[in-house]
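Secondary and tertiary structure notes
Residue-level listing of the chains:
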Amino acid sequence: MNELSPGFHGRPRTPSGPRLPPGQYLTTGFPVLSAGPTPTVTEARWRFTIETETGAERVWTWAEMLALPQEDVRADIHCVTRWSKFDTRWRGVSLDVLLDGIETEADYALAYSYGGYSTNLPLADLTGGKAWLVHAYGGEPLEPEHGGPARLLVPHLYFWKSAKWLKSLRLTTRHIAGFWETDGYHDYGDPWREQRLQGD
Ligand SMILES: Nc1nc2c(c(=O)[nH]1)N[C@H]1C(S)=C(S)[C@@H](COP(=O)(O)O)O[C@H]1N2
Ligand SMILES: [Mo]
């Protein structure tokens, strides 16, 4: 499978609208933003877990994850510190594939990283071709400093929602704030509405 997902073809967001969200500037580099040290996670020890509100767990090994249908994704990304980068190219598994067959009534998700970071999102923002577990960038294995071996990619929200070194997804029936959200950052984080901080 070699599909570009609808809405992520590098076109402007709307045919007539701007491509750069308000308050952002364009960079051609790829800044590294990490709240702590880069954890070392070997592919042999890597596991990805989805846990539902009932405590039911589904776990994938690296080989099991790679055996799932893969997608190539091109996306613009927007960091809350105001840099944006156009046309980033990733490869990985759609969250639709990973969530397929999981029984849940949860409306919320918490993404947990190796190393302790977490971030919250509505479950609806992880489905419908909007989010991926990615393990390659620009045709190369994802570098550890950018979240390798695998990270979450949710390009329609500020980039802090795209948890690096993704370890698990916990589905919950109520909202639970993640690392930056507990510290005053916005619960949702839509770059087009400049939802940087709580109250924006
Ligand atoms: N585990 C983890 N994930 C994280 C972060 C982090 O500090 N730890 N930083 C977030 C922020 S603020 C941004 S902008 C992006 C940065 O990704 P990059 O370093 O690949 O540019 O990762 C997000 N995911
Ligand atoms: Mo960020």
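Everything numeric in this text was worked out from a predicted model, so none of it was measured.

The rules behind these values
Residues numbered from 1 in each chain as written. Chains lettered and ligands numbered in written order. Predicted model: local features only at pLDDT ≥ 70, side-chain atom pairs only at ≥ 80, totals over all residues. Heavy atoms only, no water. Near = heavy atom within 4 Å. Polar contact = N/O pair within 3.5 Å; in protein donor to acceptor, adjacent residues only side chain to side chain. Areas by Shrake-Rupley, 256 points an atom, 1.4 Å probe, with all protein chains shown as cover. Pairing = 2+ DSSP bridges. Helix = DSSP H or I, 4+ residues; strand = E, 2+ residues; numbered from the N terminus.

1. So, the site of ligand 1
- For ligand 1, the set of nearby residues contains 19 residues, the closest of which are Pro31, Ala35, His146, Arg151 and Lys164.
- Measuring from an oxygen atom of ligand 1, one finds a backbone N or O atom of Leu33 at 2.9 Å.
- A distance of 2.6 Å separates an oxygen atom of ligand 1 from a polar side-chain atom of His146.
- With the chains in place, 97% of the 530 Å² that ligand 1 exposes on its own is no longer accessible.

2. Section: the pairing of strand E2 (residues 47-51)
- Bridging between E2 and strand E3 (residues 57-61) involves five bridges; their strand directions are antiparallel. Among the inter-strand pairings, Phe48 is bridged to a residue of E3, identified as Trp60.
- Two successive antiparallel strands, E2 and E3, enclose a turn made up of five residues, where Gly55 displays a positive phi of approximately 95 degrees.
- Strand direction decides the pairing type here: E2 and strand E11 (residues 166-172), joined by three bridges, are parallel. Across the sheet, Ile50 pairs through a bridge with Leu169, a residue of E11.

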